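As a plain string of letters, each chain reads:
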Amino acid sequence: MNKKLLAVVPVALAGTLLMAPSASAASKVCEGGPLMGASTKVVEVSAGQSIDITVHNHDYRGMLVQIIDDTFDKGLWSGGIAPGKEHTVKHGVLGEPPVYHKIRFEVTSNLSNNYTYKISSDRCY
């Protein structure tokens, strides 16, 4: 009888783990909009502890951008984005939600306005 019970427990445990919800919650877009070339844009958003910052290049030319956490004056990412591509940066801070995020985008490429950004999190306030 004990051997049957020992055989059933791992199967039941595995089934429970497979049916459990995943640890990551659904992400919602908290803020988004256009980015102008050769300019700086500062965005303020109240969200969860972790945010995803995505920049998309809709233009036919490459794009150069810096993404900076303006609250702590910390560079998050700097680089080029190819035409039709996007780049996502994950950023998190300690604190009880809602967390205030101030993100600065410095676009150093041409004067095109074919660039967009979005900031996503599990919670938006």
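This text gives an overview of the structure that appears in the document. Since the model is a prediction, treat every value here as computed from it, not as a measurement. (Residues numbered from 1 in each chain as written. Predicted model: local features only at pLDDT ≥ 70, side-chain atom pairs only at ≥ 80, totals over all residues. Heavy atoms only, no water.)

Turning to the overall build of the chain, a few remarks are in order. A count of helical and extended segments in the chain gives one helix and eight strands. Taken from the N to the C terminus, the helices and strands of the chain come in the order α-β-β-β-β-β-β-β-β. In the chain, buried positions account for 32% of the 125 residues. By sequence separation, contacts in the chain at least 24 residues apart represent 80% of the contacts at least 6 residues apart. (Helix = DSSP H or I, 4+ residues; strand = E, 2+ residues; numbered from the N terminus. Buried < 20%, exposed > 50% of the residue type's maximum accessible area, 1.4 Å probe, protein only. Contact = heavy atoms within 4.5 Å.)

Within this structure, the stated rule accounts for five salt bridges. As a salt-bridge pair, D52 and K90 come within 3.4 Å of each other at their nearest N and O atoms. Of this pair, D52 sits in strand 3 (residues 50-57) while K90 sits in strand 6 (residues 86-92); the two residues are 38 residues apart in sequence, bridging distant segments of the chain. Relative accessible area serves as the criterion here: at 66%, K90 is assigned to the exposed category. One salt bridge in this structure joins R104 and D73, with 3.8 Å as the shortest N-O distance. (Salt bridge = Lys/Arg side-chain N within 4 Å of Asp/Glu carboxyl O.)

For the rest of this paragraph, the subject is the pairing of strand 4 (residues 63-69). With five of seven residues buried, strand 4 lies mostly within the body of the structure. Strand direction decides the pairing type here: strand 4 and strand 5 (residues 74-81), joined by seven bridges, are antiparallel. Within the sheet, the bridge partner assigned to Q66 lies in strand 5 and is S78. The hairpin turn running from strand 4 into strand 5, its antiparallel successor, is four residues long, and D73 in that turn takes a positive phi close to 50 degrees. With five bridges connecting them, strand 4 and strand 7 (residues 99-107) associate as antiparallel partners. Its bridge partner being in strand 7, I68 is matched across the sheet by R104. (Pairing = 2+ DSSP bridges.)

Turning our attention to the packing of aromatic side chains. Each pair of aromatic rings is reported with the distance of its centres and the angle of its planes. Under the criterion given, the structure shown has one aromatic pair. With 5.0 Å between their ring centres and 40 degrees between their planes, F105 and Y117 make a pair best called tilted. Highlighted residues: F105 in strand 7 and Y117 in strand 8 (residues 115-121), separated in sequence by twelve residues. Side by side, F105 and Y117 carry an identical accessibility label, which is buried. (Phe/Tyr/Trp six-rings, centres within 6.5 Å; stacked < 30°, edge-to-face > 60°.)

Read across the open sheet, the four strands follow the order 1-8-3-6; overall the sheet is antiparallel. Every other strand in the sheet has two partners, leaving strand 1 (28-35) and strand 6 as the edge strands with one partner each. Taken pair by pair, the neighbouring strands of this sheet meet at an average axis angle of 15 degrees, ignoring direction. Judged from the seven bridges that link them, strand 3 and strand 6 form a sheet pairing that is antiparallel. In the strand pairing of strand 6, T54 is matched with T88. (Axes fitted to C-alpha atoms, helices over the stretch in contact; angles between N-to-C directions.)

If you walk across this open sheet you meet the four strands as 2-7-4-5, and the pairing is antiparallel. Every other strand in the sheet has two partners, leaving strand 2 (39-47) and strand 5 as the edge strands with one partner each. Ignoring which end each strand starts from, the neighbouring axes of this sheet average 20 degrees apart.

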